[in-house]
Amino acid sequence: TIAGFEKKLPKSSPVRHRIRSIVRAASIHPISFQQPEMKESFFTQFLALLDHQIDYHKLVASRYRNISNILTKTAWGLFWLGIGTVIARAVFQAVEPSLDLNQWIAKHEFYTGAVKVAVDGKTFLASFANMLAMLLPGFAVTFFSIHNLIGFKDLSQRSQQMANDLQQIKTRVILEQPRPESSFEDFSWLAHQAISLMVSDTTDWYTLISSKKITKN
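Throughout this document, residue positions are counted from 1 along each chain, in the order its sequence is written. Reporting of local features is limited, given that this is a predicted model, to residues whose pLDDT is at least 70; pairs of side-chain atoms are given and counted only at 80 or more, and all residues count toward the totals for whole chains, interfaces and linings. Side-chain measures here rest on the full set of heavy atoms in the structure, leaving out hydrogens and waters.

Participant: In this structure, what is going on with the packing of aromatic side chains? I would like to understand it.
Facilitator: Any two aromatic rings considered together are summarised by their centre-to-centre distance and by the angle between their planes. Note on ring pairs: Phe, Tyr and Trp rings are taken, using the six-membered ring of Trp, and paired if centres are within 6.5 Å. Classes follow the plane angle, with under 30 degrees stacked, over 60 edge-to-face and the rest tilted. Applying the stated rule across the entire model yields nine aromatic pairs. Seen from their ring centres, Phe42 and Phe46 are 5.4 Å apart, and the 50° between their planes marks the pair as tilted. In this pair, Phe42 and Phe46 are both assigned in helix α3 (residues 36-95), four residues apart and thus about one turn of the helix distant. Taking the relative accessible area as the measure of exposure, Phe42 reaches 23% and is therefore partly exposed. Members of the aromatic cluster, joined through ring pairs, are Phe42, Phe43, Phe46 and Phe187. Here a helix means four or more residues in a row that DSSP labels H or I, a strand means two or more in a row labelled E, and each is numbered from the N terminus. Remark: exposure states derive from per-residue accessible area (1.4 Å probe, protein chains only) relative to the maximum for the residue type, with buried under 20%, exposed over 50%, and partly exposed in between.

See the structure below:
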């Protein structure tokens, strides 16, 4: 009955894998690795691959997490600095008539073409305050936009999830390694899990990058 309906079962189904393992264990000549060196070579290279991939994705997750934190802190810092500048500008305009700023800030003279322009301390400080009140909120919005456009936080979580998934496969491989009755199908099943995960991650990255509309000037 199993042989007759085997082709209708999904190839990567846990149920199919379990049925095949039962059939293999009950058969007279189970397919197994008789050469210890082949088994050792498989697990050595497979574990090395998983270790490298796990380390890589952890490194990428940490890198994107740091970029996300720096951008977020910088954007909020500029935002609150801009709010403080606007408030300080309003306070300055309220107390400015009673202050003699020319004693604190010297008059500056410069030429615009052939025209000589003199700017006193009061005018300079007022213009500088107006400039900060406009630029600082704009800088904050720019950093927030970069962070949201690229999605560094999501990229960090994606890489960390990939590292966790690979770690689960590594745990299964370590549990399978000392089992004496390991078969070629067991190795194929473990390898298929790792390959499917890495290929799906590459596909997801390609889809993500293709959907980003970033204009380079």
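Participant: Looking at this structure, how should I read the pattern of salt bridges?
Facilitator: Where charged atoms from two side chains of opposite charge approach closely, those side chains can pair. Each salt bridge in this description consists of a side-chain nitrogen of Lys or Arg and a carboxyl oxygen of Asp or Glu lying within 4 Å of one another. Across all of its chains, the model carries two salt bridges by this definition. For the salt bridge of Asp51 with Lys170, the shortest nitrogen-to-oxygen distance reads 2.6 Å. With Asp51 in helix α3 and Lys170 in helix α5 (residues 152-176), the pair connects residues that are 119 residues apart, well separated along the chain. What makes Asp51 partly exposed here is its relative accessible area of 28%. Taking relative accessible area as the criterion, Lys170 reaches 18% and is therefore assigned buried. Glu176 is the salt-bridge partner of Arg179, the closest N and O atoms lying 2.8 Å from each other.

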